[in-house]
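Coordinate inspection notes
Each chain, letter by letter, is given below.
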Amino acid sequence: MPESWGEPEWLCASADLRECGDAVMFEVLENGLSVSAFAVRFRSVAVAYLNRCAHLPAQMDWQPGRFWDVEGRYIVCAMHGALYDPPDGRCVLGPCRGAHLTAITLTEKDGQVYWYPSQHLQPVF
Ligand code: FES
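The shown structure was predicted, so the numbers you read here are calculated from the model rather than taken from an experiment.

1. Things to note about the sheet that holds strand 1 (residues 9-13)
In spatial order, the strands read 1-10-9; together these three strands make up an open sheet with antiparallel pairing. A strand with exactly one partner marks an edge of an open sheet, and here the two such strands are strand 1 and strand 9 (106-109). For this sheet, the mean inter-axis angle between neighbouring strands, taken without regard to orientation, is 30 degrees.

Written as structure tokens, this is what we have:
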């Protein structure tokens, strides 16, 4: 789990993250630059990553907010087909096998989802 810096930021209602459904997209500042991030739910757990493939610095969704392979088992990069394991963002198949997506720590409380800023990832104001 990445080291947390600062107060959690509200992201969405828990109900907005359906099991293997469309992602909730959001923006974060990475070292001062605005970058795309996404949250999805897999096996009841909400996870979030930067929308940036570990192979090349490309956004991964094949349509806006669509990240799942046909079986809803892996997060897939639309560019060259890398498959990522949702719980930890590790590439299990593809040109960047063994590399990881950049994780964003989430928490859920009282039906709401929050993300934690880190040393490198800050909220966009
Ligand atoms: S850019 Fe994602 S697999 Fe190549």
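Having put the structure on the table, let's press on.
2. Here's the deal with the nonpolar core
Looking at soluble globular proteins, one finds that nonpolar side chains tend to be buried together. Counting 30 residues, the largest nonpolar core has Ala37, Phe38, Ala39, Val40, Ala48, Tyr49 and Phe67 as its most contacted members. Among the elements that make up this core, the one with the highest residue count is strand 4 (residues 45-50) (five residues). Setting aside its immediate chain neighbours within four residues, Ala48 contacts Ala37, Phe38, Ala39, Ile104, Leu106 and Trp115.

3. Observations regarding the sheet that holds strand 7 (residues 90-93)
Two pairing modes exist for strands in a sheet, parallel and antiparallel, and in both the strands are linked by backbone hydrogen bonds. One open sheet holds the three strands; their spatial order is 5-6-7, and the pairing between them is antiparallel. Each having just a single partner strand, strand 5 (75-76) and strand 7 make up the two edges of the open sheet. Alignment of strand 6 (residues 83-85) against strand 7, held across three bridges, turns out to be antiparallel. Along strand 7, the bridge assignment pairs Asp85 with Arg90.

What counts, and where the lines are drawn
Residues numbered from 1 in each chain as written. Predicted model: local features only at pLDDT ≥ 70, side-chain atom pairs only at ≥ 80, totals over all residues. Pairing = 2+ DSSP bridges. Helix = DSSP H or I, 4+ residues; strand = E, 2+ residues; numbered from the N terminus. Axes fitted to C-alpha atoms, helices over the stretch in contact; angles between N-to-C directions. Core = buried A, V, L, I, M, F, W, Y, C linked by C-beta atoms within 7 Å. Buried ≥ 20, exposed ≤ 12 C-beta atoms within 10 Å, placed from the backbone. Contact = placed C-beta atoms within 7 Å.

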